[in-house]
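Take a look at the letters that make up each chain.
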Amino acid sequence: MHHCLFISEVAFLVAQEAVLYKHGRHPSETRQSLADVLALGLTCRALLEPALDVVWRCQNGIGNLIKCMPNDLWHVTPFVRSPHSIETFQRLAKGNFEEFEPDTVEFIRPIISSDWDRFYYYAKRVRHLSFGTDGNGPFLPVGRPSPRLTAQTYSELERYKETILFPNLDTLTWTHEGSATRQTVQFGTLFLSPRLRSLNIWADLVDIPPLIEFLHHIPEISPHLREFTIVPPEDLRDADERGNVYDALAANIRRLPELVRYNTTNYVSFQEFLQLRALPHLGTLRADLDGRDVQAIVGRPPIEKEFPSLDDLSLDLDDARDAFALLSRFKLTHLTTLDFHLVDCSHLAPVLVAIAKQCSPDALQVLNIDWDSDRSFVEWDETPTYDTTIDIDTLSPLFTFRNLAVVCLPEEVKYKLNDDTLSTIATAWPNIWRLRLGGTRDTDEKPGVTFTELAHLVSKCHRLIDIRIDVDATIIPSKPKTPLHRLELFTTSVNSPIEDPQAVATWIEEVFPEADLAFCERPDWPEKWKTVYERVNKEIAPTALPPMTSDDEDEDDDDLVEESDDEMDEEDIDEEEMDEGEMDEEEVDEEEMDDDDLDNQ
């Protein structure tokens, strides 16, 4: 064997190449690759340890580790499969549904010291551990799912453990899929370790008191945590419970001095938001800011101290006025990415002015402001249009930001752009690669942007691959000398004017040969734009299904009742015909019998 393979790091990389952790891979393929790695390790003593490190690196649950303990310690209860579950998993796994149904393992005697030997031998190799994914989960695509543990089994582990179970654990994840999350979070301290760097909790199935207790232990056991994602339960109807969870989060996040990334969907008060400035390394923050707290600070003097390292900020807000009130309080000079999700997109112009004032033109690269449809309680087929107009004057405060690479504004506002606007953008944002400044149109006024200036913008901005803008498709200009192959996606509105769809499709195909065409509106497009879509994308345009109304549901119910009545009537008629037929046969038999009797007499 070559001398370089005796270096453990090199041997580990060789063994790791045999396992490609990809989403969508069938569990049987991953299990076979793990078997190949193990076979590689058994060929030479120098390769055994690196191969075992690869095999045990990612685990979904700890059932496999329990099964490494003495056989007389544990017992496995097979999963009881119902006919419905068999059909479901056959459809998911193409027949190998056993791989998606873990069994249950539990202890049948007390644990003694010698029982831990093999457990610790393999547990020290686990780097990524997940719970709650029934089978091949979205985070850790290992082979056959680890058997589940009962709450009593976790309690026994907590009672008899001698040291930290996973001393080298790097990532710990609880997902929202499956029932294991509820059982294991209350024993979450079992899996924390001083070397833990990433913690992810989807807690929609978790009881509140164990979750709060677990949050208090995180800074004590894992003080070097760098990434923390938590999605609290959505059904916190009780105000006291909600306040307890939020208070526990706010109190313990500040005790993680090395935290770099914090992602949460719970409401964060403005005061708690300001307290996060105490984290010197916090670079990414994603949260839902309470709009009532933000409006309460309007008119107060600005705050001098800013976030020392924050460069990626994403906030869910009620409306643009909250964003303006927030930006007016303190500077965000380190930001490279700013992302606002708004329920109400009115009054955007002051927000753009505040961004230009509080952010650094040299640092900001990504600006994304969109309408949060999930929190707006709008029907799926209804798209609101807010009384806000985006024109060159609205965008002018941002023209000093030369390093902008992404500019996305909501589709649900009005746009009044022209060729001069695109010409200015081509000069002001030379590094732009995604530009979305158009949306659903509800006006008969022609857009001022033509295909000529659109092609000029794409030719000047050498990184531009994605653009959304409304164009006047009634004017077909001459084609540029060379096609613009960089553009990959061109989005416009189907309400933009168009006269000759074949000419428009030909121009797009020849000028933007690599681009796909998309529309802001849902399917149910005009025939002319549908023709352009089918020619450019080489596929049939999707058709829209009208939403079912209550009247339609009533009609469907009536139809079902009528069908069932008709079926019952048909059954009654068949029964009557059968009865009449049987009666006729009996009468015929009786007549024949009478004739026979007469003959005999």
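Bear in mind the structure is a predicted one, so any value in this text is a computation, not a measurement.

Draft legend 1. Highlighting the pattern of salt bridges. Tallying each qualifying case throughout the model produces 14 salt bridges. Close ionic contact of glutamate 411 with arginine 468 constitutes a salt bridge, the shortest N to O distance being 3.7 Å. A residue pair is termed long-range when its members are at least 10 positions apart, and glutamate 411 in the loop between β15 (406-408) and β16 (413-415) and arginine 468 in strand β18 (residues 466-468) qualify at 57 residues. For arginine 468, a relative accessible area of 6% puts it in the buried group. What you see here is one network of salt bridges that share partners, running through Glu49, Asp53 and Arg125.

Draft legend 2. Representation of the nonpolar core within the structure. Core analysis: the biggest nonpolar cluster contains 146 residues, and Phe166, Phe228, Phe273 and Ile355 have the highest contact counts within it. At six residues, helix α9 (residues 208-221) tops the list of elements feeding residues into this core. Every residue in contact with phenylalanine 273, bar those within four places of it in the chain, is listed here: Val268, Leu285, Leu289, Phe307, Leu313, Leu315, Leu326 and Phe330.

Draft legend 3. The pairing of strand β7 (residues 198-202), seen in detail. The element β7 is largely enclosed, with a buried count of four among its five residues. For strand β6 (residues 171-174) and β7, the ladder comprises four bridges, and the chain directions are parallel. Its bridge partner being in β7, leucine 172 is matched across the sheet by leucine 199. Here five bridges tie β7 to strand β8 (residues 227-231), and the two strands are oriented parallel to one another. Looking at β8, one finds that tryptophan 202 is bridged to valine 231.

Draft legend 4. Inspection of empty space enclosed by the protein at higher detail. Under the counting rule described, the total for this entry stands at four cavities of 30 Å³ or more. Its volume calculated, the second largest cavity comes out at about 80 Å³. Forming the boundary of the second largest cavity are Tyr246, Leu249, Ala250, Ile253, Arg254, Tyr262, Asn266, Val268, Glu272, Gln275 and Leu276. Broken down by secondary-structure element, the contributors of at least two residues to the lining of the second largest cavity are α10 (239-253), β9 (261-268) and α11 (270-275).

Draft legend 5. Molecular detail of the packing of aromatic side chains. In this structure the tally under the stated criterion is 25 aromatic pairs. Arranged with centres 5.8 Å apart and planes meeting at 90 degrees, the rings of phenylalanine 119 and tyrosine 120 form a pair that is edge-to-face. Here the two residues phenylalanine 119 and tyrosine 120 agree in accessibility, since each one is buried. Each ring, one from phenylalanine 166 and one from phenylalanine 191, has its centre 6.3 Å from the other, and the planes form 40 degrees; the classification is tilted. Of the two residues, phenylalanine 166 sits in the loop between α7 (151-160) and β6 while phenylalanine 191 sits in the loop between α8 (180-185) and β7, which places them 25 residues apart along the sequence. Under the relative-accessibility criterion, phenylalanine 166 is labelled buried at 0%. Phenylalanine 191 sits in the buried class, given a relative accessible area of 0%. Put simply, the rings of Trp116, Phe119, Tyr120, Phe131, Tyr154, Phe166, Trp174, Phe187, Phe191 and Phe214 pair up and form one aromatic cluster. In this arrangement the basic side chain of arginine 125 is found over the ring face of tyrosine 121, its NZ or CZ atom lying 4.6 Å from the centre.

Draft legend 6. Structural context of the environment of leucine 165. Note on placement: leucine 165 falls in the loop between α7 and β6. For leucine 165, a relative accessible area of 0% puts it in the buried group. Residues contacting leucine 165, with those up to four places away along its chain left out, are Trp116, Phe119, Tyr120, Ala123 and Leu190.

Draft legend 7. Focus on helix α19 (residues 527-537). Listed in full, the buried residues belonging to α19 are Trp529, Lys530, Val532, Tyr533, Val536 and Asn537. When α19 is viewed along its axis, its buried side chains cluster within an angular range of 160 degrees and face the same direction. On the buried face of α19, the contacting elements are β19 (489-492), α18 (501-511) and β20 (516-519). Phi turns positive one or two residues past the end of α19, at lysine 538, with a value near 55 degrees.

Draft legend 8. Just unusual backbone geometry, in detail. With phi around 60 degrees, histidine 347 is a residue other than glycine that occupies positive phi space. Positionally, histidine 347 belongs in the loop between β12 (337-344) and α14 (349-358). A positive phi angle is found at lysine 538, which is not glycine, with a value near 55 degrees. Here lysine 538 is to be found in the loop between α19 and α20 (550-600).

Draft legend 9. Inspection of the packing of α18 against α19 at higher detail. Between α18 and α19, the least distance of the axes is 9 Å, while the angle of their chain directions is 35 degrees. The handedness of the crossing between α18 and α19 is right-handed. Contact with α18, carried on its side by Pro501, Gln502, Val504, Ala505, Thr506, Ile508 and Glu509, involves Lys528, Trp529, Thr531, Val532, Arg535 and Val536 of α19 and no other residues of that element. The residue inventory of the contact of α18 with α19, partitioned by class, reads seven nonpolar, three polar and three charged.

Draft legend 10. Representation of the sheet that holds strand β3 (residues 104-107) in the model. Strand order in the open sheet made by the three strands is β2-β3-β5, with mixed pairing throughout. Of all the strands in the sheet, just β2 (74-77) and β5 (148-149) have a single pairing partner and so form its edges. Both β2 and β3 contribute to a ladder of four bridges, which runs antiparallel. Note that in β3 the partner of tryptophan 74 across the bridge is phenylalanine 107. With respect to the sheet, α7 is in contact with β3 and β5, its orientation differing from that of β3 by roughly 45 degrees.

Reading guide: rules and limits
- Residues numbered from 1 in each chain as written.
- Predicted model: local features only at pLDDT ≥ 70, side-chain atom pairs only at ≥ 80, totals over all residues.
- Heavy atoms only, no water.
- Salt bridge = Lys/Arg side-chain N within 4 Å of Asp/Glu carboxyl O.
- Helix = DSSP H or I, 4+ residues; strand = E, 2+ residues; numbered from the N terminus.
- Buried < 20%, exposed > 50% of the residue type's maximum accessible area, 1.4 Å probe, protein only.
- Core = buried A, V, L, I, M, F, W, Y, C linked by side-chain atoms within 4.5 Å.
- Contact = heavy atoms within 4.5 Å.
- Pairing = 2+ DSSP bridges.
- 1 Å grid on protein atoms, 1.4 Å probe; cavity = no way out; pocket = protein on both sides within 12 Å on 5 of 7 lines; lining within 4 Å.
- Points joined across faces, edges and corners; volume = space filled by probe spheres on them.
- Phe/Tyr/Trp six-rings, centres within 6.5 Å; stacked < 30°, edge-to-face > 60°.
- Lys NZ or Arg CZ within 6 Å of the ring centre and 35° of its normal.
- Arc of directions from axis to C-beta.
- Axes fitted to C-alpha atoms, helices over the stretch in contact; angles between N-to-C directions.
- Left-handed = near helix turned anticlockwise from the far one by under 90°.
- Nonpolar A, V, L, I, M, F, W, Y, C, P; charged D, E, K, R; others polar.

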